[in-house]
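Observations on the three-dimensional arrangement
What follows is the residue order along each chain.
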Amino acid sequence: MGTVILLSSFLCVFLVLGLIRIIYKLWWIPTRIQKFMASQGIKGPCYRLIHGNTQEISSMHKETRSRSLGLSHDILSYVQPHVHSWTNIYGKTYLQWHGTRAQLVIQEPELCKEILNNKDRAYPKRESQDFVKKLLGDGLVTIIEHEKWAKLRRIATHAFHGESLKTMIPDMIASAETMLERWKLHEGKEIEVYEEFRLFTSEVIAKTAFGSSYVEGELIFQTLMKLAFLLFKNALTVKVPGISKISKGSDELEAERLEKSIHDSITDIVKKREKKAMCNEEHSYGSDFLGLLLKAHHDANMSHRISVDDLVGDCKTFYFAGQETTNTLLSWTVLLLALHTDWQEEARKEVLQLFGKQNPNPDGISKLKTMNMIINETLRLYPPVVALVRKAEREVTLGKVIVPADLELVVSILSLHREPQFWGPDAHLFKPERFSEGVAKATNNNTGAFLPFGFGPRTCVGLNFATTEAKIALSMILQRYSFTLSPGYVHSPFQFITVRPQHGVQAIEYNSCSSDLQDPSQILYGGLRDASETQGTTESLLTDSSMETNGISKTPTRKNYLQWLGPRAQLVIREPELCRQILNNKDGAYQKIPPENFVKKLLGYGLVTIAEGQKWSNLRKISNHAFHGESLKTMIPDIIACAEIMLKRWESHEGKEIDVVEEFRLFTSEVISRTAFGSSYLEGTHIFEMLKKLALILFRNSLQIKVPGVSKLFKTNDEIESEKLEKGIHDSIIELVKKREHKATSGEQDNFGSDFLGLLLKAHHNANLNQRISVDDIVDDCKTFYLAGQDTTSTLLTWTVFLLALNTDWQEEARKEVLQLFGKQNPNPDDISKLKTMSMILNESLRLYPPALAIPRITGREVRLGKLIVPADVELLVSVLALHHEPQFWGPDVHLFKPERFSEGVAKATNNNIGTFMPFGLGSRTCVGLNFATTEAKIALSMILQRYSFTLSPAYIHSPSVIFKIFHKIWWTPIRVQKLMASQGIRGPPYRLLAGNAKEISNMGKDVMSRSLDLSHNILPVVLPHVHAWTKIYGKNYLQWHGTLPQLVVTEVELCKEIFTNKDGIYLKPKFRPYAKKIFGNGLPALEGEKWVKSRKLANHAFHGESLKNMIPDMIASAETMLDRWKGHEEGKEMEVYEEFRLFTSEVISRTAFGSSYAEGKNIFDMLMKLSLLFKNDFKLKFISKLFKTNDDIESEKLEKGIRDSIMGIVKKREEKAMSEEQKSFGSDFLGLLLKAHHDSNDIHWISVDDLVDECKSFYFVGQETSNTFLSWTVFLLALHTDWQEEARKEVLQLFGKQTPNPDGLAKLKTMSMIFNESLRLYSPAVTVTRRVEKDVRLGNLIVPANTELIIPYLALHHEAESWGQDVQHFKPERFSEGVAKATNNNIATFLSFGMGPRVCVGLNFATIEAKIALSMILQRYSFTLSPAYVHSPFRSMTLRPQHGVQVMLYSLNCED
């Protein structure tokens, strides 16, 4: 009893002490430090328990990343928003917290110098933790111990200074020449220089420091980059002490794996060098950095010796820092020179003056004064490292502040480099001249203000190395090229380990020898081709006879091009002068398009839709009177009253999220109701609702083609609904009209009123018949203004608030102007016109997000438009959105929000090219409500800004309204992608609106299927007729369209190889389309990343090695079952082997993978087969599927559910057996392994029920289908080529006699392997494979835009005469007699029957062994020839199937034979 009490007491004391220690660390120490620092005037954000300020810092970073920066060098608030914010609040020196670690942020140069000089060693480096230690080890950058640091510093100083540095220059030049050789292919095109400089700097550090190459060290660079990403990802994660020892996160486990991989790779390089030295291949370890490290490691003097870990740590440091620092320096320098071409020209002059066209030399490099100034200014604006961290070793006095021991000191370099006190008011501008007299003069002898490579004894040892490397690269670039910034560049610097350009740096390079540099936008997008070069179909007499002779392309690769909406020709115009000519319409040649169908029901024949003439003039005069001048002034009180109602609602939302779209809809509805119709939103609410429904129906049917006359015979649901809505709107407006008329006639008011409705009624009752308008005219114009008067201003306000929420600096500018003009009073008419800043903001909002995306017109007769002759009745689409986003007119920052471009008005902003800015149209038909809408918007915004500031909600998803999205998806993106690819020489069939090339591909398929095919193996024109046709027209690589999805078809072998063998994970599996998804779910064929690795391991275990050997008896038993059926077959009669092999392969996969039988899984196989037959219909528009389901959709859902239920039945049966101890475990087959994983208690290995079902579906289908088609085509070929059938039989009998096949013999079937390979070449089960890219990637010399699919047609590669010879279409197994490598001339990417690279088919060995067993046992018993009834018709379903099966004549081999 006493012992129990003693133990309990001890446990209580232990827990109390532990609790005290936790409180001491988490609360007492932070509170004490915070109070102590506050007593000295050092303040900062409050310490938060456990996390410190990391969550606040993280939130600030996320907020800034959601905003666009614009092309500004004022990046402190973007890269380090917390430093920017807290400096403004707490001063230049303040206290912040990383978890429980106190950090004193220092921004005073003298204090920074004191810390970094560290004369009395009071400010050592902070001990590296977690991921930093794994990334850099105990290398020169991280080491704390002074003696050890001094030792390593001496080695590095020897390696990277003086004469050693000079000897490196030839290697740097050679690396630059390699890079520039690649650039020759990009002249006049966009180039990603950040990626180019990554390769260049990697090559330089590999050659100069390690005597190797980038290729040899590629794995090290890539692994270091992955580790650096984990460091970045976890930079603000606070670790609870001791937790990592108990449980490690996935990032920690991954980091340990990467660290080991790097260590092993470096050790290999070290051993290689040591071996060379020992074998006297080299006289010593070498004089490069690695050699010096090895000398030190083997030094007999212990005081000079370094350990293996020191050696590896320093190698890691220089592999990473030696590449990363110079890469970012070069990238930012090129960005700045691309922006500031005057300085680029100055640098070029200096380079040519010193070196001419010769390579740089050491003497000349040291004289590059201008380049030195440019590099220093780049390092000032974009320093590689944003902060340096030290810690107080003991309590010290820093300036006037007493700093407690163990406090971390953060020297903010980025902040120091932008301090106006030292750099002047132009600190944020690129001005290299500030360094013209050196750094001391530039900083006013305040050298602590400029610290790009640190300061004091620990100044970066690679400073001279990095700047010399940068000078050489820049000099050699400037000798050959000039460059400008690409319009595609997005400015987004972010703090990784260094300050990196998040989206890279894209520049457009021009050969500097060229006599005239082209316009960058033309170079990027490609020039205009002659009409004779334009590819297209001959479907239209209009295009062939008229438009092409004028140079109008049918493919959207030019500013003007022709498209079709059904039989209606539409000429899309994007040239400002032509747009002006159309909209000014001086000779009345360009008319409004008469409203049809739903447009007519929505707007009738109102002001917007009717053609010019007396009626239009009458209605325009009324509208002008109603919405301009004095009339507009009288509306202001009503607009203010409506805004006050809205803002009253907002009072309950302060500090909360509010949906301004809905708020502005209510506000603008109320305004138009009051000002134009003298009513209220409440009275007109049903009109607004019905108009909204009608607008939705119009959108839904905007791309539907109507067959004339059909609507009179048969009406769709939408047509019936729209007629009902049209009548409802008409009746509601008539009711309002009668109400107003009654008031006027009953004397309730003197007249009809002076608002818009009143003016319409006056015109209706006018005695002058020329000026009178009908009741229908009144209704139609009311409809027009109810809709347009609400919708236009609502969208304008919404986008403006969105932009101001993102760009709070402009929000603040607008607020200042409002308060200066109105104070807290309501807006007044005189001062509304003085809102200059707000006008700039509204114009920029209208430029980026115009209310109307395009303005349609139609030619009334044949006209000359610019240099074009346009036939009568051609529709003209003036693309407003494209004009507003054209870099040629708006500059490379076209996609950025920059209201200042309108500071001197629209004319100046457009360089007097007003055809580039037309948010409200142009010419005589400019929107009559322009002034009304902008006045309304100015009032609403002014009153909001007086009362509220606002930021964007974290829940906001940027998705411009459905119209914007649809327009962007179905028109803008395809044009942009087509242009980009055309500029790189990649052409293809023209994109067709919505359908892409799906219809053409389908028609080609139907055409070939309608024709009979001879017994030829030249099946590419039959199976993939579009690939066969288009590769002949457009080349080996071409662009096609699956709906709106671009597909780059790749048949160039090297590019295919690059796609399959890529290790960076940039070429992803495609997202399965609906029916394919129902077959495979999220099984192995669909997975990516960690989930794929997990599933792949399970499948590898199940279908390789010993597991595979164990399956052979089941395969033999299944073959015997099949052959037993064949015994009853009458001699010399026809047999359908495709069906036989379907049963056989179904039985095999059922037995081997699922421990069942074909009979038990028959239902699953049948349903999967039915689902696969729906695959051919797997093309539809997503939004259509949401509206209604086809019979196929309903059937596929039913089949999917049936398959799932059947698989779950098999799963439960196996689980019950295991639970009831009928078997000891879940089993060792594939299903058993899946069940083990499903029941695994370790989350890392666990898989869900859905994962289990999807994997079963995948293997049920693929495991049967692939082997079935493979066997069928092989038997077909052997039935045709009986000589090879005989050769195969001899081999089988020689190895097995009449015995069943055995594992050893199967491995020796050489002839059969040759036959199989040739069968797979001619009739590969999969005819294409697809990958996709989620971001822009470089493939060979091509830039492939994000969201493009890459189609690799195996069949085309397998039938390519260039690779396989002129006998490519013949069955010649002997070509594989010396193996696949020899057959392909070591170009294995020409033979991809089961894929290639890490995702090669996991069932490859399973399928070939299964086929060998089946074929061996058949050949032992039968000979066969092709049936006369056989019809050769290979067709593509999920695999390459024989459409009508494979019929053979079967002959038994008797013993007497």
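Just so it is clear, the model here is predicted, and its values are computed rather than measured. (Residues numbered from 1 in each chain as written. Predicted model: local features only at pLDDT ≥ 70, side-chain atom pairs only at ≥ 80, totals over all residues. Heavy atoms only, no water.)

Side note on the overall build of the chain
The test is simple: In this description a helix means any DSSP run of H or I spanning at least four residues, a strand means any run of E spanning at least two, and both kinds are numbered starting from the N terminus. Only protein chains enter the calculation, and the probe is 1.4 Å; a residue is then buried if its accessible area is under 20% of its type maximum, exposed if over 50%, and partly exposed in between. Pairs of residues are marked as contacts when any of their non-hydrogen atoms sit within 4.5 Å.
When its secondary structure is counted, the chain shows 61 helices and 29 strands. When the 1457 residues of the chain are sorted by exposure, 54% land in the buried category. Here the analysis covers contacts within the chain between residues at least 6 apart in sequence; of these, 72% occur between residues at least 24 apart.

Let's talk about the confidence of the model for the chain
Do not read the predicted coordinates in detail wherever pLDDT is low. To be explicit about the condition: The predictor rates its confidence in each residue with pLDDT, a number between 0 and 100.
Of all residues in the chain, 87% attain a pLDDT of 70 or more, and the chain-wide mean is 81. Across the chain, the secondary-structure element scoring lowest on mean pLDDT is helix H22 (residues 520-525), at 24, and the one scoring highest is helix H55 (residues 1282-1296), at 95. In the model, residues 513-557 has pLDDT below 50 throughout and makes 100 contacts with residues more than four positions away in sequence or in other chains. Across residues 1178-1188 the pLDDT falls below 50, and counting only partners more than four positions away or on other chains, this stretch makes 16 contacts in the model.

A word on the sheet that holds strand S25 (residues 1348-1352)
Put simply, the rule is: DSSP calls a pair of strands paired once it identifies at least 2 bridges connecting them. Simply put, an axis is a line fit to the C-alpha atoms, just over the touching stretch for a helix, and the angle between two N-to-C directions goes from 0 to 180 degrees.
Here four strands make up an open sheet; going across it, the order is S19-S20-S25-S22 and the pairing mixed. Two strands in the sheet have a free side with no partner beyond their single neighbour: strand S19 (1037-1042) and strand S22 (1329-1333). Sheet twist, expressed as the average angle between the axes of neighbouring strands with direction ignored, equals 30 degrees. Bridge count for S19 against strand S20 (residues 1045-1050) is six bridges, and the pairing is antiparallel. Of the residues in S20, the one forming a bridge with Trp1041 is Pro1046. Contacting S19, S20, S22 and S25, helix H45 (residues 1053-1061) crosses the sheet at an angle of about 115 degrees to S25.

A short note on the side chain of Asn118
The condition that has to hold: Contacts described as polar in this section are N or O atom pairs within 3.5 Å, which, within protein, must combine one atom able to donate a hydrogen with one able to accept it, while residues neighboring in sequence count only if both atoms come from side chains.
Mapping Asn118 onto the fold places it in the loop between helix H5 (109-117) and helix H6 (130-136). At 2.8 Å, the side chain of Asn118 forms a polar contact with the backbone nitrogen of Ala122. Leave out the neighbours within four places in its chain, and Asn118 touches Tyr123 and Pro124.

Some remarks on unusual backbone geometry
The phi angle at Asn1347 is positive, at roughly 65 degrees, despite the residue not being glycine. Looking at the element boundaries, Asn1347 is found in the loop between strand S24 (1342-1344) and S25. According to the relative accessible area criterion, Asn1347 is exposed, its value standing at 52%. A positive phi angle, close to 55 degrees, is found at Asn1385, a residue other than glycine. Checked against the element boundaries, Asn1385 lands in the loop between helix H60 (1380-1383) and helix H61 (1404-1421). Judged by its relative accessible area of 60%, Asn1385 falls in the exposed class.

Some details on the packing of aromatic side chains
Aromatic ring pairs: the centre-centre distance and the angle between the two ring planes describe each pair. Selection criterion: The aromatic pairing rule takes the rings of Phe, Tyr and Trp, using the six-membered ring of Trp, and pairs them if the centres are within 6.5 Å, calling planes under 30 degrees apart stacked, those over 60 edge-to-face and the rest tilted. When the NZ atom of lysine or the CZ atom of arginine is within 6 Å of a ring's centre and also within 35 degrees of its normal, the charge is said to sit over that ring.
By the definition in use, this model includes 35 aromatic pairs. Note on Phe1060 and Tyr1354: the rings are 6.5 Å apart at their centroids and 40 degrees apart in plane angle, and the pair reads as tilted. Of the two residues, Phe1060 is situated in helix H45 and Tyr1354 in helix H58 (residues 1354-1358); the sequence distance between them amounts to 294 residues. The same class applies to Phe1060 and to Tyr1354, which are both buried. Note on Phe1376 and Phe1391: the rings are 5.2 Å apart at their centroids and 50 degrees apart in plane angle, and the pair reads as tilted. With Phe1376 in the loop between helix H59 (1361-1364) and H60 and Phe1391 in the loop between H60 and H61, this pair connects stretches of sequence that are 15 residues apart. Through a chain of ring-to-ring contacts, the aromatic side chains of Trp1273, Phe1276, Tyr1323 and Tyr1430 assemble into a single cluster. Positioned over the ring face of Trp423 is Arg380, at 5.1 Å from the centre of the ring.

A look at the pattern of salt bridges
In a structure, side chains of opposite charge can pair up when their charged atoms sit close to one another. Selection criterion: The term salt bridge refers to a pairing of a side-chain nitrogen on Lys or Arg with a carboxyl oxygen on Asp or Glu at a separation within 4 Å.
All chains considered together, the criterion is met by 53 salt bridges. Here Arg182 ties to Glu196 by a salt bridge, and the two come within 2.9 Å at their closest N and O atoms. One end of the pair, Arg182, is in helix H8 (residues 162-183); the other, Glu196, is in helix H9 (residues 193-210), and 14 residues separate them in sequence. With relative accessibility at 3%, the residue Glu196 sits in the buried group. A salt bridge links Arg992 to Glu1000; the shortest N-O distance between them is 3.9 Å.

Things to note about the packing of helix H28 (residues 660-677) against helix H29 (residues 681-700)
Rules: Put simply, angles under 35 degrees are roughly parallel, angles over 145 are roughly antiparallel, angles from 65 to 115 are roughly perpendicular, and the rest are oblique. Two helices cross in a left-handed way if the nearer one is turned anticlockwise from the farther one by less than a right angle. They cross in a right-handed way if the turn is clockwise.
Between H28 and H29, whose axes approach to 9 Å, the crossing angle comes to 110 degrees. As judged from the angle between their axes, H28 and H29 are roughly perpendicular. Judged by the sense of rotation from one axis to the other, the crossing of H28 with H29 is right-handed. The residues of H29 that touch H28, namely those facing Arg665, Leu666, Ser669, Glu670, Ile672 and Ser673, are Tyr681, Leu682, Phe688 and Glu689.

With respect to the side chain of Thr267
Relative to the helices and strands, Thr267 is located in helix H12 (residues 250-278). For Thr267, a relative accessible area of 19% puts it in the buried group. Reaching out from Thr267, the side chain makes a polar contact with the backbone oxygen of His263 at a distance of 2.6 Å.

Topic: the sheet that holds strand S18 (residues 875-879)
In spatial order, the strands read S12-S13-S18-S15-S14; together these five strands make up an open sheet with mixed pairing. Lying at the two open borders of the sheet, with one neighbouring strand each, are strand S12 (561-565) and strand S14 (590-591). Relative to S18, strand S15 (residues 854-859) is paired through five bridges, and the arrangement is antiparallel. Among the inter-strand pairings, Pro856 is bridged to a residue of S18, identified as Leu877.

Remarks on the nonpolar core
One broad trend across soluble globular proteins is that nonpolar side chains are buried collectively. What counts here: Think of a nonpolar core as a cluster: buried Ala, Val, Leu, Ile, Met, Phe, Trp, Tyr and Cys residues, connected wherever their side-chain atoms sit within 4.5 Å.
With 116 residues, the main nonpolar core has Phe160, Trp183, Phe210 and Phe289 as its most contacted residues. No other element matches the 14 residues that helix H14 (residues 308-339) contributes to this core. Contacts of Phe160, omitting those with residues within four sequence positions, involve Leu165, Met168, Ile205, Ala209, Phe289, Phe318, Val461 and Phe465. Membership of the second largest hydrophobic core comes to 105 residues, among which are Ile1112, Val1148, Ile1210 and Ile1413.

Notes on a nonpolar patch on the surface
Quick note on the threshold: Patch membership requires more than 30% relative accessible area and the absence of a salt bridge. Residues of like charge join within 9 Å; the nonpolar side chains Val, Leu, Ile, Met, Phe, Trp and Tyr join within 5 Å. Surface accessibility in these figures is a Shrake-Rupley result with a 1.4 Å probe; residues are shielded only by whichever protein chains are displayed.
Taken together, the side chains of Leu19, Ile23, Tyr24, Trp27, Trp28, Leu49 and Ile50 present a nonpolar region at the surface, about 720 Å² in accessible area. In this structure Trp27 comes out as partly exposed when scored by relative accessible area, which is 47%.

Some details on the pairing of S19
Consecutive side chains along a regular strand alternate between the two faces of the sheet. Across the six residues of S19, five count as buried, placing the element largely inside the fold. From the end of S19 to the start of S20, which pair antiparallel, there are two residues, and Gly1043 there has a positive phi angle of about 65 degrees.

Comments concerning the environment of Lys586
With respect to the helices and strands, the residue Lys586 is situated in the loop between helix H24 (576-584) and S14. What makes Lys586 exposed here is its relative accessible area of 81%. Residues Lys586 and Ser924, spaced 338 residues apart in sequence, show a C-alpha to C-alpha distance of 9.1 Å.

Remarks on the packing of helix H31 (residues 717-745) against helix H33 (residues 775-806)
Quick note on the threshold: Under the scheme applied, nonpolar residues are Ala, Val, Leu, Ile, Met, Phe, Trp, Tyr, Cys and Pro; charged residues are Asp, Glu, Lys and Arg; polar residues are all the others, including Gly.
Contact pair H31 / H33: the axes reach a minimum separation of 10 Å and the direction vectors enclose 105 degrees. Looking at the two axes, H31 sits roughly perpendicular to H33. In this structure, H31 uses Glu726, Ile729, His730, Ile733, Ile734, Leu736 and Val737 to contact H33, whose residues at the interface are Val775, Asp776, Ile778, Val779, Cys782, Lys783 and Tyr786. Here the residues of the contact of H31 with H33 are counted per class, giving ten nonpolar, one polar and three charged.

Considerations on helix H26 (residues 614-627)
Spelled out, the test is: By this rule, a helix spans an expected 1.5 Å times one less than how many residues it contains.
Over its 14 residues, H26 runs 20 Å from end to end, which matches the ideal 20 Å to within 8%, given 1.5 Å per residue. Considered for burial, the residues of H26 that qualify are Trp616, Asn618, Leu619, Arg620, Ile622, Ser623, Ala626 and Phe627.

Focus on H45
What counts is decided by this rule: The directions considered for the arc are those from the helix axis to the C-beta atoms.
When H45 is considered as a whole, its buried residues turn out to be Val1053, Leu1055, Cys1056, Ile1059 and Phe1060. An end-on view of H45 places all buried positions within 160 degrees of arc, on one side of the element.

Regarding the environment of Val1446
Residue position: Val1446 is located in the loop between strand S28 (1440-1442) and strand S29 (1447-1452). Residues Val1446 and Glu1136, 310 residues apart in the sequence, show an inter-C-alpha distance of 5.7 Å. The residues touching Val1446, leaving out its near neighbours within four places in the chain, are Met1135, Glu1136, Val1137, Tyr1138, Ser1272, Phe1276 and Tyr1430.

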